[in-house]
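Listed below are the residues making up each chain.
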Amino acid sequence: MLKLYNTLSHQTEEFKPINPPHVGIYSCGPTVYDYQHIGHIRRYVGDDILIRVLKFNKFDIKHVMNITDVGHLTSDADTGEDKMEKGAKKFGKSVWDLAKMFENQFKDSCRELNVELPKDLMHATDYIKEQIELIKILEEKKFTYKTKDGIYFDTSKFKDYFKLSGQNPKELKAGARVEVVEGKRNVSDFALWKFSPQNEKRQMEWESPWGVGFPGWHIECSAMSMKALGENFDIHTGGIDHINIHHTNEIAQSEAATGKSFVNYWVHHNFLTVDGQKMSKSLGNTYTVGDVIKKGFDPLALRYLYLQTHYRQEMNFTWEALEAAQTALNRLRKEVASFDEPKIGCAEYEKEFLEAVNDDLNMPKALSVVWEVLASSYPKTAKAETLFKFDEILGLNLKDSRQILESQKKEIPKEVKKLLEEREVLRKAKKYEEADKIRNKIIEMGFKVEDR
Ligand SMILES: [Zn+2]
């Protein structure tokens with residue numbers, strides 16, 4: 001029995017699909033205006049684990065993900081610049097080229113981490129017609145009103161607007177989210193369609209029954225998810241930052257339009273910090289998967305590191321922790337590389353593992369079962385059978401352990417050897433700061449330095 005924490009009911013529940021064994025899942029995808037960093041990617045690895053666990057439980061998955069390439073403003077309160085237009089200026093590209101470039105960076109990062117993305121990602125700009133249709137329904141049902149700046153959803157007309165977030169509307173009014181949009185009736189109202197500014201040509205804009213403009217950010221996910229999965233479907237995922245506004249608004253506009261319950265299970269992933277701090281440009285700590293690879297790590301060591309923290313807990317990333325994860329993964333590979341052909345597995349550990357992953361995706365527990373198997377007295381053939389089965393969820397390429405270890409045994413070039421000697425001299429002279437600089441240089445060249 002698979003149990004998942006459902007943000008909507010605020011508790012852990014047994015997972016029961018609408019139409020078993022079929023399961024429909026929608027994941028909010030990236031806004032492709034900048035690099036996806038390791039905090040973003042943690043979420044997609046989390047989704048990947050969820051999907052692998054569902055498959056392990058013999059469910060038949062239809063997974064849908066969108067790419068936001070229009071309409072996402074820098075502020076969630078429908079003010080500020082369009083993220084895409086802003087990114088285009090920053091990188092000196094057209095919005096369309098920008099979208100392509102960062103979608104590729106996102107896909108590459110996922111591929112490196114063994115995240116299986118849906119084959120066809122849905123682009124918001126390919127479904128403008130569907131979004132307009134949905135707004136028309138909301139207009140007919142009198143959930144909308146017009147301001148100078150666009151068409152808005154009147155949240156006071158939707159009962160249970162705060163059911164997902166559990167927020168108190170009174171606190172919201174007093175809170176920091178009061179950014180003035182002229183003509184907005186309630187603080188929580190949100191744009192369905194925004195008009196293009198007069199006398200200004202946007203790179204992305206479309207005709208609509210209300211005038212030339214572009215869709216609000218939230219409407220795309222309702223329009224595309226319902227088109228792909230139906231008006232009521234099983235699971236919707238996203239980051240915890242989506243709960244209060246984006247997903248709350250998705251529920252309001254979808255249920256207002258259809259009169260049906262929209263999604264049965266809401267799964268939300270927690271954040272990642274770096275050295276205990278929020279990632280930010282000014283701190284220079286917004287690392288990407290590319291940075292991890294450049295420093296000489298196996299990207300799957302990052303996946304291993306992610307698995308060590310439960311998805312609903314905040315995770316703190318440090319380079320030391322990544323090194324420890326790399327060491328653990330290498331040890332695991334060394335063990336696995338010594339295995340013979342798999343035969344019958346270790347039944348009681350397989351049961352324990354299944355219980356862990358089915359308990360709201362408890363991957364830290366599942367990893368500990370991996371090490372229990374290795375430490376057990378089972379023959380290597382049985383261990384192999386069991387660990388390869390686990391790897392369907394872990395996604396650590398354990399079957400390739402031998403080849404991976406072989407390819408890691410690189411020849412150490414002369415320059416690196418020379419740097420190592422220089423570092424030794426500095427360390428003996430207790431000039432640690434300079435020695436560390438050389439160490440970093442060596443790491444940048446793709447090697448690790450371990451003092452034993
Ligand atoms: Zn979304």
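Summarised in this report is the structure supplied together with it. All residue numbers refer to positions counted from 1 along the written sequence of the respective chain. The predicted origin of the model limits local features to residues at a pLDDT of at least 70 and limits the giving and counting of side-chain atom pairs to 80 or more, whereas totals for whole chains, interfaces and linings rest on all residues. In computing side-chain properties, one takes all heavy atoms of the structure into account and sets aside hydrogens as well as water.

### Considerations on the coordination of the zinc ion
Think of the donor list as every N, O and S atom within 2.8 Å of the metal, or within 3.2 Å for Na, K and Ca; water never makes the list, so a site can look incomplete. In this structure, C28 (SG), C221 (SG) and H246 (NE2) serve as the protein donors to the zinc ion, at separations of 2.1 Å. Positions of the donor residues of the zinc ion along the chain correspond to the pattern C-x192-C-x24-H. Taken together, the residues C28 in the loop between strand 3 (22-27) and helix 1 (38-56) and C221 in helix 6 (residues 217-229) connect sequence positions 193 residues apart. Exposure class is identical for C28 and C221. Each is buried. Under the scheme used here, helices are H or I runs from DSSP no shorter than 4 residues and strands are E runs no shorter than 2 residues, and both carry numbers assigned from the N terminus. Burial classes follow relative accessibility: with a 1.4 Å probe on protein chains only, a residue under 20% of its type's maximum area counts as buried, one over 50% as exposed, and anything between as partly exposed.

### Details of the pattern of salt bridges
Just to be clear on terms, a salt bridge is a Lys or Arg side-chain nitrogen sitting within 4 Å of an Asp or Glu carboxyl oxygen. Going through the model one piece at a time under the given rule, you end up with 23 salt bridges. Between R303 and D48 there is a salt bridge, and its shortest N-O distance comes to 2.9 Å. Separated by 255 residues along the polypeptide, R303 in helix 9 (residues 299-307) and D48 in helix 1 bring together distant segments of the chain. Ionic pairing is found between D360 and R312, a salt bridge with its closest N-O pair at 2.9 Å. Taken together, the positions of D360 in the loop between helix 11 (347-358) and helix 12 (363-375) and R312 in the loop between helix 9 and strand 13 (315-317) put the pair 48 residues apart, joining distant regions of the chain. Linked through salt bridges whose partners overlap, the residues forming this network are D48, R52, K55, E116 and R303.

### Here's the deal with the pairing of strand 4 (residues 60-67)
A regular strand carries its side chains on alternate faces of the sheet. Within strand 4, six of the eight residues are buried, which leaves it mostly tucked inside the rest of the structure. Alignment of strand 3 against strand 4, held across six bridges, turns out to be parallel. For Y26, the partnering residue across the bridge sits in strand 4 and is V64. Two strands make a pair as long as DSSP finds a minimum of two bridges between them.

### Side note on the environment of V373
With respect to the helices and strands, V373 occurs in helix 12. For V373, a relative accessible area of 0% gives the class buried. C-alpha of V373 to C-alpha of I132: the two residues are 241 residues apart in sequence and 55 Å apart in space. Residues count as neighbours in contact if any of their non-hydrogen atoms are within 4.5 Å of one another. Not counting residues up to four positions away in its chain, the partners in contact with V373 are C346, Y349, K383, T386, L387 and F390.

### As for the side chain of S225
In this fold, S225 is placed in helix 6. What qualifies as a polar contact is a pair of N or O atoms within 3.5 Å, subject to a donor-acceptor requirement within protein and to the restriction that residues adjacent in sequence count only when both atoms come from side chains. A polar contact is formed between the side chain of S225 and the backbone oxygen of C221, at a distance of 2.7 Å. The contact partners of S225, leaving out residues within four places of it in the chain, are Y26, G230, F233 and F262.

### Things to note about the packing of aromatic side chains
Two aromatic rings are characterised by how far apart their centres lie and by the angle between their planes. Only the six-membered ring of Trp is used, alongside the rings of Phe and Tyr, when aromatic pairs are assigned; centres must lie within 6.5 Å, and planes under 30 degrees apart are stacked while those over 60 apart are edge-to-face, with the rest tilted. Following the criterion strictly, the structure yields 20 aromatic pairs and no others. With 5.9 Å between their ring centres and 20 degrees between their planes, F297 and W319 make a pair best called stacked. Of this pair, F297 sits in the loop between helix 8 (289-294) and helix 9 while W319 sits in helix 10 (residues 319-337), placing them 22 residues apart in sequence. In terms of burial, F297 and W319 fall into one category: buried. Among the aromatic side chains, those forming a connected cluster through ring pairs are Y287, F297, F317 and W319. Geometrically, a lysine NZ or arginine CZ counts as sitting over a ring once it is within 6 Å of the ring centre and also within 35 degrees of the ring normal. In this arrangement the basic side chain of R185 is found over the ring face of Y145, its NZ or CZ atom lying 4.0 Å from the centre. When the ring centre of W319 is taken as origin, the NZ or CZ atom of K295, which lies over that ring, is 4.6 Å away.

That is the geometry; function is a separate question.
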